[in-house]
Amino acid sequence: MSREVIKIRGGSTLSGEVEISGAKNSAVALIPASLMAAEGEVVLEGLPEISDVNTLMSLLNDLNIRTELDGTVLKINADKAENMPLPNTKVQSLRASYYMMGAMLARFKKCVIGLPGGCPIGPRPIDQHIKGFEALGAKVTNEHGAMYLEAEELKGAKIFFDVVSVGATINMMIAASGAKGQTILENVAKEPEIVDVASLLNSMGADIRGAGTDSIKINGVEKLHGTTHSIIPDRIEAGTYMIVGAAAGEDYTVRNIIPTHMESLISKLQELGVRIETGDDFVKMTKPAKYSPVSVKTQVYPGFATDLQQPMTPLLFMANGVSKVTETIYPARFRHIDELSRMDGKIEQKSGSALIFPSNLKGADVYASDLRAGACLLISGLIAEGVTTIHNVNHIDRGYTDIVKKLQTLGADIWREEISDH
Ligand code: EPZ
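Residues numbered from 1 in each chain as written. Predicted model: local features only at pLDDT ≥ 70, side-chain atom pairs only at ≥ 80, totals over all residues. Heavy atoms only, no water.

## Some words on the overall build of the protein
- The number of helices and strands found in the protein is 14 helices and 23 strands.
- Relative to its length of 422 residues, the protein is compact, with a C-alpha radius of gyration of 22 Å against a globular reference of 22 Å.
- In terms of its C-alpha atoms, the protein occupies a principal-axis envelope of roughly 60 × 45 × 40 Å.
- A burial count over the protein gives 56% of its 422 residues as buried. (Helix = DSSP H or I, 4+ residues; strand = E, 2+ residues; numbered from the N terminus. Rg over C-alpha atoms; globule rule 2.2 N^0.38 Å. Buried < 20%, exposed > 50% of the residue type's maximum accessible area, 1.4 Å probe, protein only.)

## Brief notes about unusual backbone geometry
- Each neighbour pair has its own omega, and for Tyr 301 with Pro 302 the value is 10°, a cis peptide bond.
- On the secondary structure map, Pro 302 appears in the loop between β17 (295-297) and α10 (309-316).
- Look at Lys 109: it is not a glycine, yet its phi comes out positive at around 65°.
- With respect to the helices and strands, Lys 109 occurs in the loop between α4 (98-108) and β6 (110-114).
- Even without a glycine there, the phi angle at Asp 251 is positive, about 55°.
- You can see Asp 251 is positioned in strand β14 (residues 249-255).

## Comments concerning the packing of helix α1 (residues 24-34) against α4
- Orientation of α1 relative to α4, taken along the N-to-C sense of each, is 25°, at an axis distance of 8 Å. The angle between the axes of α1 and α4 places the two elements in the roughly parallel class. Classified by chirality, the crossing of α4 by α1 is right-handed. Contacts between α1 and α4 involve Val 28, Ala 29, Pro 32 and Ala 33 from the first element and Tyr 99, Met 100 and Ala 103 from the second.
- Here the residues of the contact of α1 with α4 are counted per class, giving 7 nonpolar, no polar and no charged. (Axes fitted to C-alpha atoms, helices over the stretch in contact; angles between N-to-C directions. Parallel < 35°, antiparallel > 145°, perpendicular 65-115°, else oblique. Left-handed = near helix turned anticlockwise from the far one by under 90°. Contact = heavy atoms within 4.5 Å. Nonpolar A, V, L, I, M, F, W, Y, C, P; charged D, E, K, R; others polar.)

## Looking at the site of the ligand
- Around the ligand sit 24 residues, and of these Gln 128, Ser 165, Asp 307, Ile 329 and Arg 372 come closest.
- The separation between an oxygen atom of the ligand and a polar side-chain atom of Arg 372 is 2.7 Å.
- Summarising the interface, the protein chains cover 89% of the accessible area of the ligand, which totals 830 Å² for the free molecule.
- For the shell around the ligand, the elements supplying multiple residues, two or more each, are α1, α5 (127-135) and α6 (166-177).
- Grouping the constituent residues of the shell around the ligand by class yields 11 nonpolar, 6 polar and 7 charged. (Near = heavy atom within 4 Å. Polar contact = N/O pair within 3.5 Å; in protein donor to acceptor, adjacent residues only side chain to side chain. Areas by Shrake-Rupley, 256 points an atom, 1.4 Å probe, with all protein chains shown as cover.)

## A short note on the pattern of salt bridges
- One pass over the full model with this rule turns up 21 salt bridges.
- A salt bridge links Asp 207 to Arg 209; the shortest N-O distance between them is 3.4 Å.
- Using a relative accessible area of 25% as the deciding quantity, one classes Asp 207 as partly exposed.
- Between Lys 406 and Glu 237 there is a salt bridge, with the nearest N and O atoms lying 2.7 Å from each other. Taken together, the residues span a long stretch of sequence, with Lys 406 in helix α14 (residues 403-409) and Glu 237 in helix α8 (residues 235-248) at a distance of 169 residues.
- On the accessibility criterion, Lys 406 (14% relative accessible area) is buried.
- For Glu 237, a relative accessible area of 2% corresponds to the buried category. (Salt bridge = Lys/Arg side-chain N within 4 Å of Asp/Glu carboxyl O.)

## What about the sheet that holds strand β5 (residues 73-77)?
- Taking strand neighbours across the sheet as the criterion, the 4 strands line up as β4-β5-β3-β13 in an open arrangement whose pairing is mixed. The open sheet has two free edges, formed respectively by β4 (66-70) and β13 (224-230), since each of these has just one partner strand. Sheet twist, expressed as the average angle between the axes of neighbouring strands with direction ignored, equals 5°.
- The strands that helix α2 (residues 51-62) touches are β4 and β5; relative to β4, the one it contacts most, it runs at about 155°. (Pairing = 2+ DSSP bridges.)

## Brief notes about the environment of Leu 308
- Inspection of the secondary structure puts Leu 308 in the loop between β17 and α10.
- Leu 308 sits in the buried class, given a relative accessible area of 4%.
- Considered as a pair, Leu 308 and Ile 414 are 106 residues apart in the sequence and their alpha carbons are 21 Å apart.
- Setting aside anything within four residues of it in sequence, one finds Leu 308 in contact with Arg 235, Ile 236, Gly 239, Thr 240, Ile 243 and Leu 265.

## Quick look at the side chain of Thr 313
- You can see Thr 313 is positioned in helix α10.
- At 3.0 Å, the side chain of Thr 313 forms a polar contact with the backbone oxygen of Gln 309.
- The contact partners of Thr 313, leaving out residues within four places of it in the chain, are Val 325, His 336, Leu 340, Ile 347 and Ile 356.

## What about the nonpolar core?
- If you look at the biggest cluster of nonpolar residues, it comprises 74 residues, and the most contacted ones within it are Met 173 and Leu 201.
- When near neighbours in sequence (up to four residues on either side) are disregarded, Leu 201 contacts Ala 33, Met 36, Met 173, Ile 174, Ser 177, Ala 206, Ile 208 and Leu 224.
- Listed in part, the 67 residues of the second largest apolar core include Leu 272, Met 312, Ile 337 and Leu 361. (Core = buried A, V, L, I, M, F, W, Y, C linked by side-chain atoms within 4.5 Å.)

## Some details on a negative patch on the surface
- Where like charges cluster on the molecular surface, the negative patch consists of Glu 41, Glu 68, Asp 70 and Asp 79.
- As for its position among the elements, Glu 68 is in strand β4.
- Looking at Glu 68, the relative accessible area reads 51%, which means it is exposed. (Patch = residues over 30% accessible without salt bridge, like charges linked within 9 Å, V, L, I, M, F, W, Y side chains within 5 Å. Lys, Arg positive; Asp, Glu negative; His and termini not counted. Charge placed at Lys NZ, Arg CZ, Asp CG, Glu CD.)

Pasting the structure below:
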């Protein structure tokens, strides 16, 4: 059997421009939400070219929904959608399949679906999603690894979330759009992806107000219809390339971003000593001669994104003192540490945090345990001495459009290779 690895010879200085693709974590909600259009076509423009998009399209196809993907534009026609149970294998390959629950419940009042999978970054309960569906009047049961959701009618409700959750906030906006009456969501997440999903739903005929604030009001509507929507840029992909630029960039530009989405990262990189110039939809940066140590603590938006915690870590090895990373969203999201140790990165993990000591990374064979751990290893490989081989690259391809090509264009010595297991 052969499989693909990514190899990187570290040490190149990177320069030029990189263009950021559409947001993965928006796309994975926009695609399921589109199945609620009972009439007309939903056109999503600017989608990232990642395997999660293909998996969700295939789930829609299982419901007799027509999809047509041309580059970054996806056309979805759900006029003839039929409710079917969704098989486990596809559902389990991505976390965001939980959005199918909200969308199917709104459209069909019934959904049978496998338990959502996704990146192994520690416990990822969905109790807040279930609490929300039940508050809207659905009966939710879990039998033999599948979820059964059913409601005679969904009714608007007041829902106060116990934890701030991106997924539960989006799922309730989706489901409540198909409920009778008004739903009020309190203690919601404020991530830009939530605003993006609300704006798609509103242009499909929904009535959602307050997305991006602590409280969201949704007035249910009879029917949603087709529309055209352009997705926001991926702030995590942008952040990943900004960290690359901070580590190895000279005259280096990251384009097609919304700079206000990047504020917590920009200020952390400036604290490290990186010079950043911000334009309307781009940042220009050059790596500093020396880096100061910093403390990074992940928080809900607009705080430092948990999805950038792992990619940020390699940069901290370059500082002239000890840095600290504290993970408050997923305290077990540290599976990259063993791999960094193989590269001679000196790093100590304590519960929910890690101390990062100045180290010169060396190329090694390393394994991506999840998407952002994969990004962390790529960045480590770019700054390490010698060749790094990254295994399990399917995790990386789930979330980054053409990452090898984009880095090559910037001047990185990186390539894909087929290797055989024997
Ligand atoms: C989204 O996951 C993202 N995924 C994740 O990105 C991201 O890490 C996360 O938000 C936090 O920003 C998608 O958008 C598809 P949450 P989500 O519900 O919505 C707890 C990546 O690398 N919680 O906001 O599933 C949960 O355990 C991925 O791109 C409950 O306790 O995350 C966590 O501690 C990985 N009960 C916290 O809330 C629930 O019902 C925040 O999780 C739901 C969540």
